[in-house]
Amino acid sequence: MMGFPEKFLWGGATAANQCEGAWNVDGRGLANVDLAPTGKDRRAVLTGEQKMLDFDEAHYYPAKEGIDMYHRYKEDIRLFGEMGFKVYRMSIAWTRIFPRGDEEEPNEQGLEFYENLFSECHKYGIEPLVTISHFDCPMHLVNTYGGWKNRQMISFFEKYSRVLFERFNGLVKYWLTFNEINMILHAPFMGAGVYFEPEDDQEKIKYQAAHHELVASALVTKLAHEINPEYQIGCMLAGGDTYPMTCDPKDVWQAKIEDRSNYFFTDVHVRGYYPAYAVKELERKGIFPETQPEDMELLNKYPVDFISFSYYASRCASADPEISKLTDGNVLASLKNPYLKASEWGWQIDPLGFRITLNTLYDRYQKPLFVVENGLGALDVPDEKGCVMDDYRIDYLRAHIQAMKEAVVLDGVDLLGYTTWGPIDLVSAGTGEMSKRYGFIYVDRDDQGNGTLNRSKKKSFDWYKKVIASNGEDL
Ligand code: P53
């Protein structure tokens, strides 16, 4: 079997709020995700059901210091270079560039930080892949405008994106607009800086906010191509196909409905219009978003260049309300699939589901795909020599890379690259824990913020290096 394309982009992916720290350094402003604590209240904050407008004494906020990558990025990128990364997916903290979000002029210190970081990548031949908003929105825009439920966000985002496209021209080629845009339906404070009042029609607000993000994405896709026609702009979906729990047609239909709630976002991003099923459903429920005359034309004329997505697990759906109650309590709930094993955090391990998802996306759109997150969150315990022997992580990744290879080689899926999630341990988005680790590089820090922050290689470090060096042949 032939292998991956010669120019296949291997690498890893992180997000600003989960690793940079330095939350108030060099002019950075406060962001929504800074206010997500660890512990039992995190979920309600991320979903917008519990208001957290400032830090309080009762909670610990892991994003404030992250893994201090702001001060240690040179060491971290050197290690990525040592593994042979061709691409590094990262995100820009909006609040480093526009600390409040509605200023006229950007913060020069923030721009310099990323300029230096990109130059550091290029020293090692690493191409940056930049997420413009990874669960990230200035708190000033949340407090003053209500986050993405307000249409004015489109122009703040446009201004922010313009600054990035102009300043980093020549340093960056690949951009993603919104990380996991479909997560807005599950965690709208995280995805869109939106929280709710008791009387709110939550569904309506979520789709309104989603509409604003989709229009903003099309608008900056247009802008990017005007500034540099070589720019490649992608959307980003929290991926993973939904299986029916049984072959009862009711379960099959339920799985389709749940898949559509996700693929709605890529349908708009890629095809450039609201799909019929969404128009009908939103109208039926009386929650079709308010639009301006130019919106539909923008969506239509400026679709994305490629589709990126995360894949950790497949999902399961049932039409039986009793069974449907038995979800696992993650931000993204799913039923237990009896055929699959799960991670320590209950995420179901399904490499064939990865091949299936790659095929679904390619069948549906025939556009280039980019896998920008995949990996195993696990409890790593260093042995007596201080080394993490993470064979379980190697097993997970090996099986997923094998499935991805089958999608490329046997099924003909056009795939640009693959970045594992968290090549260096970082703060978990879902739980805020450090102990849910994904890295090839161990970071000495615990869930309470103790530890030296020292970096060390796990067993998987040399394994991934070998995978890249052999272009995915030596697994
Ligand atoms: P953590 C839920 C379901 C799928 C992907 O997640 C998700 C989430 C949010 O928890 O998020 C993505 O850290 C996201 C990353 C995140 C990663 O998956 O909860 O883009 O920011 O860290 C893994 O284990």
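Residues numbered from 1 in each chain as written. Predicted model: local features only at pLDDT ≥ 70, side-chain atom pairs only at ≥ 80, totals over all residues.

Looking at an unreviewed UniProt entry, the protein chain carries the name 6-phospho-beta-glucosidase, with the source organism given as Enterococcus florum.

K.L.:
A description of the overall build of the protein chain should follow, citing residues and the corresponding values.
P.N.:
On a plain count of helices and strands, the protein chain comes out with 16 helices and 14 strands. For 475 residues, the compact-globule estimate of 2.2 N^0.38 gives 23 Å, and the C-alpha radius of gyration of the protein chain, at 21 Å, lies within 12% of that figure. For the protein chain, buried positions account for 50% of its 475 residues. Once local pairs closer than 6 in sequence are excluded, the contacts in the protein chain between residues at least 24 apart make up 77%. (Helix = DSSP H or I, 4+ residues; strand = E, 2+ residues; numbered from the N terminus. Rg over C-alpha atoms; globule rule 2.2 N^0.38 Å. Buried ≥ 20, exposed ≤ 12 C-beta atoms within 10 Å, placed from the backbone. Contact = placed C-beta atoms within 7 Å.)

K.L.:
Account for helix α14 (residues 351-365), naming residues and giving values.
P.N.:
Along an α-helix, a turn takes 3.6 residues, which lines up residues three or four apart on a common side. End to end, α14 covers 22 Å across 15 residues, agreeing with the expected 21 Å (1.5 Å per residue, within 8%). Contact partners of the buried residues in α14: β7 (306-310), β11 (369-373) and α15 (391-409). Looking one or two residues beyond α14, the residue adopting positive phi is glutamine 366, at roughly 50°. (Expected span 1.5 Å × (residues − 1).)

K.L.:
Report on the nonpolar core, specifying residues and quantitative values.
P.N.:
Residues Ile92, Leu369 and Val371 are the most contacted members of the largest nonpolar core, which totals 137 residues. Ranked by the residues each element gives to this core, the list is headed by helix α9 (residues 202-227), at 11 residues. Once you skip the residues sitting within four places of it in the chain, valine 371 turns out to touch Phe309, Tyr311, Met404, Leu415 and Tyr418. Formed by 6 residues, the second largest nonpolar core is a distinct cluster that contains Tyr243, Met245, Ala255 and Cys316. (Core = buried A, V, L, I, M, F, W, Y, C linked by C-beta atoms within 7 Å.)

K.L.:
Describe helix α11 (residues 276-284), with residues and values.
P.N.:
Little of α11 is tucked away, with 0 of its 9 residues classed as buried. Just downstream of α11, glycine 286 is the residue with a positive phi angle, here 70°.

K.L.:
Provide a residue-level description of the sheet that holds strand β3 (residues 127-133), including the pertinent values.
P.N.:
With respect to topology, 8 strands assemble into a closed barrel ordered β1-β2-β3-β4-β5-β7-β11-β12, the strand pairing being parallel. Mean inter-strand twist for the sheet, computed between neighbouring axes without regard to direction, equals 25°. Pairing of β3 with strand β4 (residues 174-178) involves 4 bridges; the strand directions are parallel. Across the sheet, serine 133 pairs through a bridge with phenylalanine 178, a residue of β4. (Pairing = 2+ DSSP bridges. Axes fitted to C-alpha atoms, helices over the stretch in contact; angles between N-to-C directions.)

K.L.:
Could you give an account of the pairing of β7, naming the residues involved and the relevant values?
P.N.:
With 5 of 5 residues buried, β7 lies mostly within the body of the structure. Residues of β7 alternate between two faces, with Phe306, Ser308 and Ser310 on one and Ile307 and Phe309 on the opposite face, all of them buried. Bridge analysis of strand β5 (residues 232-238) against β7 gives 5 bridges, and the strand direction is parallel. Across the sheet, glycine 234 pairs through a bridge with phenylalanine 306, a residue of β7.

K.L.:
Now, about the environment of glycine 147: what can you tell me, with residues and values included?
P.N.:
Structurally, the position occupied by glycine 147 is in the loop between α6 (139-145) and α7 (153-167). Along the sequence, glycine 147 and glycine 29 sit 118 residues apart, while their C-alpha atoms lie 15 Å from each other. Setting aside residues up to four positions removed in sequence, glycine 147 forms contacts with Cys137, Leu141, Val142, Met153, Ala192, Gly193, Val194 and Ala209.

K.L.:
Any details on the packing of α7 against α9? Residues and values, ideally.
P.N.:
To describe two helices that pack against each other, one gives the angle between their axes and the distance between the axes. Running from N to C, α7 and α9 point in directions that differ by 30°, and their axes come no closer than 9 Å. Between α7 and α9, the crossing angle belongs to the class labelled roughly parallel. The interaxial crossing formed by α7 with α9 has right-handed handedness. Listed contacts from α9 to Met153, Ile154, Phe157, Glu158, Ser161, Arg162, Phe165 and Glu166 of α7 are His212, Val215, Ala216, Leu219, Val220, Leu223, Ala224 and Ile227. (Parallel < 35°, antiparallel > 145°, perpendicular 65-115°, else oblique. Left-handed = near helix turned anticlockwise from the far one by under 90°.)

K.L.:
Outline the environment of arginine 455, listing residues and values.
P.N.:
Its place among the elements puts arginine 455 in strand β14 (residues 455-457). When the C-alpha positions of arginine 455 and threonine 266 are compared, they lie 37 Å apart, and in sequence the two are 189 residues distant. Here arginine 455 is in contact with Glu75, Asp76, Leu79, Ile424, Ile441 and Val443, once residues within four sequence places are set aside.

K.L.:
If you had to explain the UniProt feature "active site" (unreviewed entry) in the protein chain to someone new, which residues and values would you point to?
P.N.:
When the UniProt feature table is mapped onto this chain numbering, "active site" (unreviewed entry) sits at Glu373. Mapped onto the elements of the fold, glutamate 373 is located in strand β11. Leave out the neighbours within four places in its chain, and glutamate 373 touches Ala13, Ser310, Thr419 and Trp421. (UniProt positions renumbered as here; feature names shortened; annotations may be inferred.)

K.L.:
Any chance you could break down the pairing of β4 for me, citing the residues and the numbers?
P.N.:
In terms of residue burial, β4 counts as a mostly covered element, since 5 of its 5 residues are buried. Sheet analysis places β4 next to β5, joined by 3 bridges and oriented parallel. Within the sheet, the bridge partner assigned to tyrosine 174 lies in β5 and is glutamine 232.

K.L.:
Hey, could you go over unusual backbone geometry for me, with residue numbers and the actual values?
P.N.:
The phi dihedral of aspartate 26 is positive, around 55°, even though this residue is not glycine. Following the sequence through the fold, aspartate 26 ends up in the loop between α1 (16-19) and α2 (42-46). One non-glycine residue, leucine 453, lies in positive phi territory at about 70°. Inspection of the secondary structure assignment puts leucine 453 in the loop between β13 (441-443) and β14.

K.L.:
So what's going on with the packing of α15 against helix α16 (residues 459-469)? Residues and values would help.
P.N.:
α16 packs onto α15 with a crossing angle of 20° between their chain directions and a minimal axis gap of 9 Å. It follows from the interaxial angle that α15 and α16 lie roughly parallel. Crossing hand, α15 versus α16: right-handed. Here Asp391, Arg393, Ile394 and Ile401 of α15 lie close against α16, whose contacting residues are Lys459, Ser460, Trp463 and Val467. For the contact of α15 with α16, the residue count by class is 4 nonpolar, 1 polar and 3 charged. (Nonpolar A, V, L, I, M, F, W, Y, C, P; charged D, E, K, R; others polar.)

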